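Survey of secondary and tertiary structure
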Amino acid sequence: MFSKFTSILQHAVEALAPSLPLQEDFVYHWKAITHYYIETSDDKAPVTDTNIPSHLEQMLDILVQEENERESGETGPCMEYLLHHKILETLYTLGKADCPPGMKQQVLVFYTKLLGRIRQPLLPHINVHRPVQKLIRLCGEVLATPTENEEIQFLCIVCAKLKQDPYLVNFFLENKMKSLASKGVPNVISEDTLKGQDSLSTDTGQSRQPEELSGATGMEQTELEDEPPHQMDHLSTSLDNLSVTSLPEASVVRPNQDYNLVNSLLNLTRSPDGRIAVKACEGLMLLVSLPEPAAAKCLTQSTCLCELLTDRLASLYKALPQSVDPLDIETVEAINWGLDSYSHKEDASAFPGKRALISFLSWFDYCDQLIKEAQKTAAVALAKAVHERFFIGVMEPQLMQTSEMGILTSTALLHRIVRQVTSDVLLQEMVFFILGEQREPETLAEISRHPLRHRLIEHCDHISDEISIMTLRMFEHLLQKPNEHILYNLVLRNLEERNYTEYKPLCPEDKDVVENGLIAGAVDLEEDPLFTDISPENTLPNQEWLSSSPPATPDHPKNDGKTEVHKIVNSFLCLVPDDAKSSYHVEGTGYDTYLRDAHRQFRDYCAICLRWEWPGSPKALEKCNLEAAFFEGHFLKVLFDRMGRILDQPYDVNLQVTSVLSRLSLFPHPHIHEYLLDPYVNLAPGCRSLFSVIVRVVGDLMLRIQRIQDFTPKLLLVRKRLLGLEPEGPMQALPSWW
């Protein structure tokens, strides 16, 4: 009570006293603080019971006022006094000693407001960035301290200043030996030794001695030149008696350099206070985005940032239940890393493990965004760490297990993060993890060269339909990612030489056939007995299809000599005879309803693939190695095998298989279009294509439907039920394959 009364009285006196010049007023407040340490005998009273907070606030107000009254960039006498007399060094010493109790908090607030409210650049001054650097080391030493909020505010303002002027980060890359000296570690360092250290060490243009924390650090003779000699002795003795023993720092031994700003933020990301942890993550996000190569190198090589990201990912992944419903994993709301607050009591759609799942997905989102924002070399290093320490170290054993429940859960989690990833660098590492880096053509003997890829593709044809569907969905979403290696690894590398075709040299009489859009020797499917029921209603007019296709571009020109598009489309439409169709019985369910959406998707894929510089026409057969044995690749092999059993598989599996094949068909690569979509291509002996597989299925279908009475009405009823137009009910005499 008495101290508050004293503070009020002091403010009243200051208000009534004649105004002093700013510098004199500034010096008065500073000396009032130093006199406290000379005159006080009770160092246990909290700082809030003293006038120190008031004097510090007054000093800040004076500095701001001085800057506002002067021209931009001009340093006033008060700021000169603060810099010349090393006031920040002295405050750092007092804050480290936390004398009186609570002084550290006041010092952090003063530093934060000084850097935040003063517009002129302060960090380039050695008497600013050096004490700032020292104060940074005090932050995050112990978690859940009363000063955590002030610590994170101080660190974030430093990060913001570095974001404004990235070159300043070099002042915060400390030489390891110099850092040890500043912590009071006995170490004899010659001048030559310091000069021989890493070139990234700070160079401010001023001579710098090894920093030592003596009892009077920051209290220079120049600062007290106006003080009487006996008061100077008292003040020196008072500071000598302060306990400046710091708490042990939570640091990792690293070679060459320290990046204490990162280390302090990393410590605070472990704070039990979620708000503090999020702020620390935001600070790290700012630091990794700095364009300075020296900082990026130090960030990834001299801090434990990579370990923090991956270890936390691993621990959160391992905290998930062994079994989680795949639907819950897929449908849990979108996760943003800073907004993962969750209340089980308030959630009507809660399920076991939802809190753990949200935490994992939230942290993965943070890693993804951090790598997305990071400087290029830092992003690569961070993504590789996630690949090696999390994908391979934690996820791969789960994906390779034999327990069906474990396979389903781990594949669903992989599917979710494939959907969620947005960073190109992290996506690249994820693709290498799933598919490997191989780009040479596959052989049947070496399809298990990358074990995880082999296992996942095998799971597309798993005995469990749930596992098959989930793995197929994962591949479908993978194919939608803007990464060229995905399609090349799965499909294109096996089509590069076009050895699925049988080359027949052109004869003179074939010339007119080629000009009409057919390949020499090919059979016109409209003359095939299987398609004798073609009617005008079952074909797509030439003009209608061509007008629906995206326009030609310089990189993807329209090609003469290829089979005409409308012929290809009509060949597929006419594969299934009218007797086996039901779409024309239900209005608005024909193939034409898919045309608009297919057109949009194709344009989207064309835009993505433009950057990959694919050829506009197939590789000339004369330049292809047609003698090499053709293997469609493990992925297409499994898809074709599934497609061949479409009459004997559940409806949901068939939908997913055809969905993946539809995705593949959208890619505007000439070899994919030729192999998957051109029914007129001359297949080499022993080769199969999508069209040939469908032809066999249709042949089997025509044999089966002959054995079903009233096939057409039953087929129509099934279609209406699948569309939700008819209620579910018993369906007698329908075979299981339908």
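An unreviewed UniProt entry lists the protein under the name FAM160B1 isoform 1, from Pan troglodytes. Per its UniProt entry, the protein bears the Sequence similarities (unreviewed entry) comment "Belongs to the FHIP family."

This part is about the packing of aromatic side chains. Note on aromatic pairs: each is described by the distance of the centres and the angle between the planes. Here the structure, examined in full by the defined rule, presents 19 aromatic pairs. An angle of 85 degrees between the planes, with centres 5.0 Å apart, marks the rings of Phe572 and Phe691 as edge-to-face. With Phe572 in helix 26 (residues 565-573) and Phe691 in helix 31 (residues 690-705), this residue pair connects regions lying 119 residues apart in the sequence. A ring pair is formed by Trp612 and Trp614, whose centres lie 5.4 Å apart and whose planes are at 55 degrees; its orientation type is tilted. A relative accessible area of 15% places Trp612 in the buried class. Taken together through their ring pairs, the aromatic side chains of Tyr317, Phe360, Phe390, Phe391 and Phe433 make up a single cluster. Arg439 extends its terminal NZ or CZ atom over the ring of Tyr488, reaching a point 4.0 Å from the ring centre.

Moving on to the pattern of salt bridges. Enumeration according to the criterion identifies 29 salt bridges in this entry. Here Arg600 makes a salt bridge to Asp597, at a shortest N to O gap of 2.6 Å. Here the residue Arg600 and the residue Asp597 both occupy positions in helix 27 (residues 592-609), the gap between them amounting to three residues, near one helical turn. Judged by relative accessible area, which is 40%, Arg600 ranks as partly exposed. By relative accessible area, Asp597 is classed as partly exposed at 36%. In this structure, the salt-bridge partner of Arg704 is Asp648, at a minimum N-O distance of 3.0 Å. Of this pair, Arg704 sits in helix 31 while Asp648 is found in the loop between helix 28 (634-644) and helix 29 (651-666), placing the two residues 56 residues apart along the sequence. Judged by its relative accessible area of 13%, Arg704 is buried. Linked through salt bridges whose partners overlap, the residues forming this network are Glu57, Asp61, Lys113 and Arg117.

This next bit is on the confidence of the model for the protein. Atomic detail in the predicted coordinates should be set aside for any region of low pLDDT. In the predicted model, the protein carries a mean pLDDT of 80, and 74% of its residues have values of at least 70. In the model, residues 511-561 has pLDDT below 50 throughout and makes 83 contacts with residues more than four positions away in sequence or in other chains.

So, on to the environment of Phe351. Structurally, the position occupied by Phe351 is in the loop between helix 16 (326-331) and helix 17 (354-373). A relative accessible area of 10% places Phe351 in the buried class. Taking the C-alpha atoms as reference, Phe351 lies 7.8 Å from Asp328; in sequence the two are 23 residues apart. In this view, Phe351 contacts Val324, Asp328 and Leu357; residues no more than four positions away in its chain are not counted.

Checked against the element boundaries, Gly353 lands in the loop between helix 16 and helix 17. In this structure, the C-alpha to C-alpha distance between Gly353 and Gln322, residues 31 residues apart in sequence, is 9.5 Å.

Take a negative patch on the surface next. There is a patch of like negative charges on the surface, built from Asp325, Asp465, Glu466 and Asp652. Locating Asp465 in the fold gives a position in helix 22 (residues 465-479). Judged by its relative accessible area of 31%, Asp465 falls in the partly exposed class.

Okay, a nonpolar patch on the surface next. A contiguous nonpolar patch, built from Tyr651, Leu655 and Leu722 and spanning about 290 Å² of accessible area, is present on the exposed surface. Here Tyr651 shows up in helix 29.

Moving on to helix 18 (residues 376-399). Taking 1.5 Å of rise per residue, 24 residues should cover 34 Å, yet helix 18 covers just 30 Å from first to last C-alpha, more than 12% shy of that figure. Phe391 marks where helix 18 bends most, by close to 45 degrees. Turning to helix 18, its buried residues number three or more, namely Ala378, Ala379, Leu382, Ala383, Ala385, Val386, His387, Phe390, Phe391, Val394, Met395 and Leu399. For helix 18, the secondary structure elements touched by its buried residues are helix 14 (293-301), helix 15 (305-318), helix 17, helix 19 (404-420), helix 20 (424-435) and helix 21 (451-459).

In this structure, the amide linkage connecting Cys99 to the following residue, Pro100, adopts the cis form with an omega of -5 degrees. Take Pro100: it is sitting in the loop between helix 5 (87-97) and helix 6 (103-117). Of note, the phi angle at Arg498 is positive, near 55 degrees, even though the residue is not glycine. In this fold, Arg498 is placed in the loop between helix 23 (484-490) and helix 24 (511-515). Non-glycine residue Asp710 carries a positive phi angle of around 50 degrees. Tracing the backbone through its elements, the reader meets Asp710 in the loop between helix 31 and helix 32 (711-722).

Below, the discussion takes up the side chain of Glu89. For Glu89, the location among the structural elements is in helix 5. Taking relative accessible area as the criterion, Glu89 reaches 3% and is therefore assigned buried. Within the structure, Glu89 has its side chain in polar contact with the side chain of Lys134 (distance 3.0 Å).

Definitions and cut-offs
- Residues numbered from 1 in each chain as written.
- Predicted model: local features only at pLDDT ≥ 70, side-chain atom pairs only at ≥ 80, totals over all residues.
- Heavy atoms only, no water.
- UniProt positions renumbered as here; feature names shortened; annotations may be inferred.
- Phe/Tyr/Trp six-rings, centres within 6.5 Å; stacked < 30°, edge-to-face > 60°.
- Helix = DSSP H or I, 4+ residues; strand = E, 2+ residues; numbered from the N terminus.
- Buried < 20%, exposed > 50% of the residue type's maximum accessible area, 1.4 Å probe, protein only.
- Lys NZ or Arg CZ within 6 Å of the ring centre and 35° of its normal.
- Salt bridge = Lys/Arg side-chain N within 4 Å of Asp/Glu carboxyl O.
- pLDDT = per-residue confidence, 0-100.
- Contact = heavy atoms within 4.5 Å.
- Patch = residues over 30% accessible without salt bridge, like charges linked within 9 Å, V, L, I, M, F, W, Y side chains within 5 Å.
- Areas by Shrake-Rupley, 256 points an atom, 1.4 Å probe, with all protein chains shown as cover.
- Lys, Arg positive; Asp, Glu negative; His and termini not counted.
- Charge placed at Lys NZ, Arg CZ, Asp CG, Glu CD.
- Expected span 1.5 Å × (residues − 1).
- Bend = angle between axes of the 7 residues up to and from the residue.
- Polar contact = N/O pair within 3.5 Å; in protein donor to acceptor, adjacent residues only side chain to side chain.

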